[in-house]
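# Examination of the molecular architecture
Each chain, written out:
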Amino acid sequence: MEIKKPAIAGTLESSDAQVAVEPADSGIELYLESSVMNQYGRQIKATVLETLERLGVENARVTVVDKGALDCTIKARVECAVFRSCDASAANVPWGGAVR
Amino acid sequence: MASLGTIFPRDARTQAQMDALLRAEGIRRDKNLDYSCGVFDEDGALIAAGSSFKNTLRCLAVSSEHRGEGLMNQVVSHLLERQTEQGNSHVFLYTKAKNDRIFRDLGFYEIARVEGELVFMENRRDGFARYLKGLAATRREGKCAAIVMNANPFTRGHRHLVERAAAENDALHLFLLSEEAGPIPFAVRKRLVREGVADLPNVILHDSGPYIISSATFPSYFLRDEDAAILAHAKLDLCVFGKIAAAIGVTARYAGEEKSSHVTALYNETMAAELPRQGLEFRQIPRLALDGETVSASAVRQAIHDGELEKAAFMLPESSLRYFTSAEASGVIAAIRAMDEAKHY
């Protein structure tokens, strides 16, 4: 999927994560900020990258501000931000899959 | 359960609540806000609030009785969501110097601080650093100076100032305000400056971007506000400028003397006080006078506004004059004529 415009999903509240995606030209640029960086930073990063890969996102600037979200939350927020960024969030949202 | 809602400009009761909250928390209310929201408790009392103006978040406050409940997180989440809806992904905010930690936890990074007063932040980790890196590529050897100008439009007065600074230095970094503010589009202002300084090889033209006199650093430059706000914004703007100057090896800043515009005069005063503190020289150059009349962009706009293009003509260098007498400028001239106030306040 191609990131067409900036989009955001999630909140900065405890146990959530705010994911912002923006168009970029060369690969995935990931900026991660987390309240549990030392414990789970690597895990969060892997989850975000995996989700982007599953969605077929190749070029994006992704900013994640994590407030101790569970993996499933992070996945959902990343999916939602990506869908919003390419106007796939209005109907028939392909949760858990990729848009083909 | 507390709930978050919009605070509408005409909702006098809630506006009054917001004023009271800001006052209680010692935060000056900005005159120019284009959106406000707040968190209300079960009884409808406002316990947290936040506002935005263009791509900056401001007037962020949580009632001291409700600290530690994550209310600011809700407010900032909401404001950021709204910013993104409007297409702003690069967002700035101000906060009191001691509160920066709260916002660092919300994904904001410090750009500059006015010690003991305020901190200016952005939501990009490498935003300012990347901007500085881009500028550093234009760094020149020798004695370098900088001018920041609006050039609205480029006059013989600007030319006079640029010529003087270019002659006194090995290189001159010329920053042109890239914010759209007024009837003359940025692209036109830039073209007129580029043409107007084309014969000076040691002038390097830059867009000012979001970090120099932008609606993020200096909103009161564009919209009327009280002196305290102008001074605070000017100080902050100069803190950011100090870092820019360091990145490109600029040691002096030039500006024209200002008599007519209140905000620019205050800005000049602040520069005279602040720049030497940062080890930078501030050189104020007397305005160019032609036939006893002081040349200024305000005067040019005023003349165009009053329909006296001939009066404007002698203040304009050839390149600017060519533009204003071309068919292309008709829309811009009509827009200037339609303005209530052609001069900068």
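Going by the structure above, here's the rest.
Let me sum up the structure you'll find in this document. Being a predicted model, the structure only gives us computed values, none of them experimental. Residue indices follow the written sequence of each chain, beginning from 1 at its first position. Chain labels run from A onward and ligand labels from 1 onward, assigned in the order the entries are written. Predicted model: local features are reported for residues with pLDDT of at least 70 only, side-chain atom pairs are reported and counted for 80 or more only, and whole-chain, interface and lining totals are derived from all residues. Side-chain numbers here rest on the full set of heavy atoms in the structure, without hydrogens or water.

### Focus on the packing of helix α10 (residues 297–305) of chain B against helix α13 (residues 330–337) of chain B
All names here are of chain B. Here is the rule we go by: Axes, fitted as lines to C-alpha atoms, cover a helix only where it is in contact. Angles between the N-to-C directions of the axes lie from 0 to 180 degrees. Segments assigned H or I by DSSP are reported as helices when at least four residues long, segments assigned E as strands when at least two residues long, and all are numbered from the N terminus. Should an angle fall under 35 degrees it is called roughly parallel, over 145 degrees roughly antiparallel, and 65 to 115 degrees roughly perpendicular, with every other angle called oblique. In what follows, a contact means two residues having at least one pair of non-hydrogen atoms within 4.5 Å. Residues are grouped as follows: Ala, Val, Leu, Ile, Met, Phe, Trp, Tyr, Cys and Pro are nonpolar; Asp, Glu, Lys and Arg are charged; every other residue, Gly included, is polar.
Two elements in contact, α10 and α13, have axes separated by 8 Å at closest approach and are oriented at 90°. In this view, α10 runs roughly perpendicular relative to α13, as classed from their interaxial angle. Across the interface between the two elements, Arg301, Ile304 and His305 from α10 touch Ile333, Ile336 and Arg337 from α13. Class assignment for the residues of the contact of α10 with α13 results in 3 nonpolar, 1 polar and 2 charged.

### Digging into the pairing of strand β7 (residues 118–122) of chain B
Residues and elements named next belong to chain B. How we decide: In this scheme, a residue with accessible area under 20% of its type's maximum is buried, one over 50% is exposed, and one in between is partly exposed, where area comes from a 1.4 Å probe on protein chains only. Two strands are said to pair when DSSP picks up at least two bridges between them.
Burial within β7 is extensive, with 5 of its 5 residues counted as buried. Side chains Leu118, Phe120 and Glu122 project from β7 onto one buried face, and the interleaved Val119 and Met121 project onto a second face that is buried too. Bridging between strand β5 (residues 92–96) and β7 involves 5 bridges; their strand directions are antiparallel. Counted as the bridge partner of Thr95 is Val119 from β7.

### Some points on the packing of helix α8 (residues 227–248) of chain B against helix α9 (residues 262–274) of chain B
All names here are of chain B. Condition: For a crossing to be left-handed, the near helix must be turned anticlockwise from the far one by less than a right angle; the clockwise case is right-handed.
Packing of α8 against α9 brings their axes to within 9 Å, and their N-to-C directions diverge by 50°. Here α9 runs oblique to α8, going by the angle between their axes. Considering how the two elements wind past one another, α8 and α9 form a crossing that is right-handed. Residues Asp227, Ile230, Leu231, Ala234, Lys235, Asp237 and Leu238 of α8 form the contact with α9, whose own contacting residues are His262, Val263, Leu266, Tyr267, Thr270, Met271 and Glu274. Classifying every residue of the contact of α8 with α9 by side-chain character gives 8 nonpolar, 2 polar and 4 charged.

### Structural notes on the interface of chain B and chain A
Cut-off, in case you're wondering: Buried area is a sum: the accessible area each of two parts loses on coming together, probed at 1.4 Å, counted once for each and added. The salt bridge criterion pairs a side-chain nitrogen of Lys or Arg with a carboxyl oxygen of Asp or Glu, the two atoms within 4 Å. In protein, a polar contact means a hydrogen-donor-capable atom and an acceptor-capable atom, both N or O and within 3.5 Å, with residues adjacent in sequence counting only if both atoms are side-chain atoms; elsewhere, any N or O pair within 3.5 Å suffices.
The interface is formed by 18 residues belonging to chain B together with 16 residues belonging to chain A. Looking only at chain B, the three residues that lose the most surface to chain A are B:Ser77, B:Thr84 and B:Arg125, adding up to 29% of its buried area. At the boundary of chain B with chain A, the tally comes to 4 salt bridges. A:Glu22 is paired through a salt bridge with B:Arg124; the nearest N and O atoms lie 2.2 Å apart. In this structure, the connection of chain B to chain A is made through 11 residue pairs in polar contact (both at pLDDT 80 or more). Top element by residues in the side of chain B that touches chain A is helix α2 (residues 71–85) of chain B. It accounts for 7 residues. Residues belonging to the side of chain B that touches chain A are distributed by class as follows: 4 nonpolar, 7 polar and 7 charged.

### Digging into the sheet that holds strand β11 (residues 250–256) of chain B
Residues and elements named next belong to chain B. Spatially, the 5 strands line up as an open sheet ordered β10-β9-β8-β11-β12, and their pairing is parallel. Where the open sheet ends on each side, the last strands, each with one partner, are β10 (203–207) and β12 (281–285). Recorded for the sheet is a direction-independent mean angle of 25° between the axes of neighbouring strands. In this sheet, β11 lies alongside strand β8 (residues 144–149) in parallel orientation, the contact comprising 4 bridges. Paired with Cys144 across the bridge in β11 is Val250. The strands touched by α8 within the sheet are β8, β9 (171–176) and β11, with β11 carrying the most contacts at an inclination of about 130°.

### A word on α2(B)
Residue and element names in this part refer to chain B. Here is the rule: A helix is expected to span 1.5 Å multiplied by its residue count minus one.
Look at α2: 22 Å from first C-alpha to last across 15 residues, which is about the 21 Å you get at 1.5 Å a residue. A large share of α2 lies buried, amounting to 12 of its 15 residues. Taken residue by residue, α2 has Leu71, Met72, Asn73, Gln74, Val75, Val76, Ser77, Leu79, Leu80, Arg82, Gln83 and Thr84 as its buried positions. Downstream of α2 by a residue or two, Gly87 has a phi angle that is positive, lying close to 90°.

### So, the layout of surface pockets
Residue and element names in this part refer to chain B. Selection rule: With a 1 Å grid laid over protein atoms only, a set of points is called a cavity when a 1.4 Å probe fits there but cannot get out and a pocket when it is open yet has protein on both sides within 12 Å along at least five of seven lines; lining residues have an atom within 4 Å of a point. Grid points are joined across faces, edges and corners, and a volume is the space filled by probe spheres set on the points.
Computed from the structure, the largest pocket encloses a volume of approximately 940 Å³. Lining the largest pocket are 49 residues, with Asn150, Tyr221, Thr264, Arg301 and His344 positioned closest to its centre. Elements represented by at least two residues in the lining of the largest pocket include exactly β8, α5 (156–168), α7 (219–222), β11, α9 and α10. When the residues that make up the lining of the largest pocket are grouped by side-chain class, the tally is 24 nonpolar, 15 polar and 10 charged. Breaking the lining of the second largest pocket down by element, the ones donating at least two residues are β4 (56–62), α2, β5, α3 (100–104) and α8. Here the element with the most residues in the lining of the second largest pocket is β4; it accounts for 5 residues. Of the residues assigned to the lining of the second largest pocket, the class counts are 12 nonpolar, 8 polar and 9 charged.

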